[in-house]
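A closer look at the structure
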Amino acid sequence: MKLCMIGTGYVGLVSGVCFADLGNDVICVDKDNNKINNLKKGIIPIYEPGLEELVLKNYKNNRLNFSTNLKESIKKSDIVFVCVGTPTRRNSNSADLSQVYSVAKEISKSINKFKIIINKSTVPVTTGDEVEKIIAKKVSRKYFSVVSNPEFLREGEAIRDFIYPDRVVIGSNDVKSKKILKNLYSPLISKGAKFLSTNRRAAELIKYASNAFLATKITFINEIANLCEKTEIDVEDISIGIGLDKRIGSRFLRAGPAYGGSCFPKDTKAIVSTADKFKTNLSVIKSVIKSNQIRSDILQKRVNLILKNKVKNKKISFLGVTFKANTDDMRDSSSLKLIPYLSRRGAQIKYYDPTGFKKEFSKLKNVEFSQSIQDSIKGSDLIVIHTEWNDFKSINFRKFSKNKKLIIYDMRNIFSPDKIKKMGFKYFGIGR
Ligand code: UDX
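Residues numbered from 1 in each chain as written. Predicted model: local features only at pLDDT ≥ 70, side-chain atom pairs only at ≥ 80, totals over all residues. Heavy atoms only, no water.

Some thoughts on the sheet that holds strand β12 (residues 382–385)
Rule in force here: Two strands form a pair only when DSSP identifies at least two bridges running between them. Under the DSSP-based scheme used, a helix requires at least four consecutive residues in state H or I and a strand at least two consecutive residues in state E, with every element numbered from the N terminus. Axes here mean lines fitted to C-alpha atoms, for a helix over just the part in contact, with angles spanning 0 to 180 degrees between N-to-C directions. A contact between two residues is defined here by any heavy atoms of the two lying within 4.5 Å.
As summarised here, the arrangement of the 6 strands in space is β11-β10-β9-β12-β13-β14, forming an open sheet in which the pairing is parallel. In the strand order of this sheet, the two ends are held by β11 (367–369) and β14 (426–429), each with one partner. Looking at each pair of strands side by side, their axes are set apart by 20° on average, direction ignored. Looking at chain direction, strand β9 (residues 315–319) and β12 are connected through 4 bridges and run parallel. Residue pairing in the sheet places leucine 319 in a bridge with isoleucine 385 of β12. Contacts from helix α14 (residues 335–344) reach β9, β10 (348–352) and β11 within the one sheet, and its direction differs from that of β9 by about 170°.

Next up, the structure:
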């Protein structure tokens, strides 16, 4: 099929490349000239394992193309995926849909034959209705169909999540589009993905409700971890113990610093805001948002406690600063609160991240990027393992540090406390 992906951010690029790899002709469009020129040269704008290889392979095969010409690209395509950003609006919790609506206007000017317009961007319930109205101002409804097809891609695992999804959700109010899209996704369905067809609004809500539920699961175990810290229980035992109940399930039950990233913080706020609009109080999700926000205070208090309230001039090494491993994304990472706080209190901070220097910390006092794990650790009083990169899982701290009083605060519980204690160092984890 001939596909057009509008927006070559995370979702548009990954989905476009994967669809090309399944044998479709794909044009990825973006208004950012620089990005498109770079992509044509094989320069990928984000860090995502496996993405570069797939881009190069499919670009060479000519199944994948890049363009800044929106009109032409839409005209050439049967299916148009809208993959633009829906960030949180300034001074409010609702999603900013201006990019979605402006793309809808553009699409309405370029419909030359029947097209399926798919919203892949995460959008509040009823956005599809609005998009349909915008296009219908220019084109008869018999020439287009607006469908919701949410993505469930995790950063760092996006290619695998695309190829082996648990489910493909198609929200459409017409049978013809459902059939075409089931056919488009048939290579994934035949490998075991469940196909779920709903009306358009339900698909829109499935995306938000899924993310809100996962954020709730993480927040739940983070609060249980707080209790474990006070009662000398290891939260890892609790995660295993409750996760073995099939009704609960073990995934997304890892206690950590606080959930971050481009989706959970934004989508939990947006679903609450949509519900408010419909005069419905989503009190559980509201308290999840609050609990996640105050988690940084809890972590700050714990660092103070670990350092016996003597933060000033302490040498602190941060290993990993991104919101999770296998991504260079800093959005809503808990390090963005923790590092400035410790810098304000007079600590001397060195950080290392496999994805390199972060501009977010460039103006902070006494915060510097280290080129290697070893450099970052050297001379430290405290090592904070902030992100669970594989690179950190087998560090021999004894080899790198001569400091007998070295303390390790493992915010992802990647080390066994006994192992660290045997090396002669003090160990603190989350919920243990
Ligand atoms: C998420 C959803 O998983 C994905 O389906 C959606 O489409 C986009 O948002 P992503 O933001 O890439 O994906 O990351 P994810 O792996 O879900 O992690 C989000 C946050 O939760 C991270 O900060 C991560 O460290 C944290 N997390 C995750 C935990 O603290 N514990 C867990 O058990 C799992």
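Next, the rest of the story.
Considering the site of the ligand
The cut-off we apply is this: Whether a residue is near a molecule or strand depends on its heavy atoms: it is near if one of them lies within 4 Å of it. Each polar contact in these results corresponds to two N or O atoms within 3.5 Å; when the atoms are within protein, one needs to be able to donate a hydrogen and the other to accept it, and residues that are neighboring in sequence are counted only if both atoms are side-chain atoms. Under the convention used here, a 1.4 Å probe and the Shrake-Rupley method define accessible areas, while residue burial counts only the protein chains that appear. Lys, Arg, Asp and Glu make up the charged group, whereas Ala, Val, Leu, Ile, Met, Phe, Trp, Tyr, Cys and Pro make up the nonpolar group; the residues left over, Gly among them, are polar.
Around the ligand, 19 residues are found, and the nearest of them are Glu155, Arg254, Cys263, Lys324 and Arg412. A distance of 2.9 Å separates an oxygen atom of the ligand from a polar atom in the backbone of glycine 260. Protein contacts shield 95% of the accessible area of the ligand, which totals 660 Å² for the unbound molecule. Considering every element that reaches the shell around the ligand, the biggest residue donor is helix α10 (residues 200–231), with 3 residues. Tallied by class, the residues present in the shell around the ligand amount to 10 nonpolar, 2 polar and 7 charged.

So, the pattern of salt bridges
Pairing of side chains with opposite charge becomes possible as their charged atoms draw close. Definition in use: What makes a salt bridge here is a side-chain nitrogen of Lys or Arg within 4 Å of a carboxyl oxygen of Asp or Glu, nothing more. Buried residues are those whose accessible area, probed at 1.4 Å on protein chains only, stays under 20% of the maximum for their type, while exposed residues exceed 50% and partly exposed ones sit between those limits.
Across all of its chains, the model carries 23 salt bridges by this definition. We note a salt bridge from lysine 2 to aspartate 25, for which the minimum N-O separation is 3.4 Å. Taken together, the residues lysine 2 in strand β1 (residues 2–6) and aspartate 25 in strand β2 (residues 25–29) connect sequence positions 23 residues apart. Given the relative accessible area of 38%, lysine 2 is considered partly exposed. Among the residues examined, aspartate 25 registers a relative accessible area of 36% and is labelled partly exposed. Two residues, aspartate 161 and arginine 154, come together in a salt bridge whose shortest N-O distance is 2.7 Å. A relative accessible area of 24% means that arginine 154 is categorised as partly exposed.

Considerations on helix α13 (residues 283–306)
How we decide: Helices are assigned an expected span. That span is 1.5 Å times one less than the residue count. Here the bend at a residue means the angle between the axes of two seven-residue stretches, the one that ends at it and the one that starts at it.
The terminal C-alpha atoms of α13 lie 34 Å apart, and with 24 residues this matches the ideal 34 Å at 1.5 Å per residue to within 8%. Maximum bend of α13: about 30°, positioned at isoleucine 294. At the exit of α13 stands lysine 308, carrying a positive phi of roughly 50°.

A closer look at the nonpolar core
Test applied: Definition used in this section: a nonpolar core is a set of buried Ala, Val, Leu, Ile, Met, Phe, Trp, Tyr and Cys residues joined via side-chain atoms within 4.5 Å.
One finds Phe19 and Phe81 to be the most contacted residues of the largest nonpolar core, which totals 37 residues. A per-element tally of this core places helix α1 (residues 10–21) first, with 8 residues. Non-local contacts of phenylalanine 81, meaning those with residues more than four positions away in its chain, are made with Leu3, Cys4, Met5, Ile6, Phe19, Ile118, Lys120, Asn149, Leu184 and Tyr185. In terms of nonpolar packing, the next biggest core, distinct from the first, is built from 36 residues, Val123, Ala212, Val272 and Val288 among them.

Focus on the domain arrangement of the protein
Counted only if it meets this: By convention here, the domain bounds are inherited from an automatic or database domain assignment. Buried area: the accessible area, evaluated with a 1.4 Å probe, that two parts lose upon being put together, summed over both parts.
When its domains are assigned, the protein resolves into domain 1 (2–198), domain 2 (208–233 + 260–292) and domain 3 (295–429). On a C-alpha basis, the centres of domain 2 and domain 3 stand 26 Å from each other. Each partner contributes to the interface: domain 2 provides 9 residues, whereas domain 3 provides 9 residues. Summed over both partners, the interface of domain 2 with domain 3 comes to about 770 Å²; 45% of that surface belongs to carbon and sulfur atoms. Our count for the domain 2 to domain 3 interface comes out at 1 salt bridge. Its salt-bridge partner being arginine 302, residue glutamate 229 comes within 3.2 Å of it at the nearest N-O pair.

Concerning the state of the cysteines
Here is the rule we go by: Count a disulfide wherever a pair of cysteine sulfur atoms falls within 2.5 Å.
One pass over the full model with this rule turns up 0 disulfides. Between cysteine 18, a free cysteine, and cysteine 28, which holds the nearest cysteine sulfur, the sulfur-to-sulfur gap is 10 Å. Under the relative-accessibility criterion, cysteine 18 is labelled buried at 4%.

Comments concerning the environment of proline 417
Position of proline 417 among the secondary structure elements: in helix α17 (residues 417–422). Residue proline 417 is classed as buried on the basis of its relative accessible area, which comes to 18%. Each C-alpha atom of the pair proline 417 and serine 186 lies 47 Å from the other, and the pair is 231 residues apart in sequence. Aside from chain neighbours lying at most four places away, what touches proline 417 is Tyr427 and Arg432.

Thoughts on the environment of serine 148
By the secondary structure assignment, serine 148 is in strand β6 (residues 144–148). The exposure class of serine 148 is buried, given its relative accessible area of 4%. Each C-alpha atom, one on serine 148 and one on threonine 198, is 9.4 Å from the other, the two residues being 50 residues apart in sequence. When sequence neighbours within four positions are dropped, the list of residues in contact with serine 148 reads Asn119, Val169, Ile170, Gly171, Arg200, Ala203 and Glu204.

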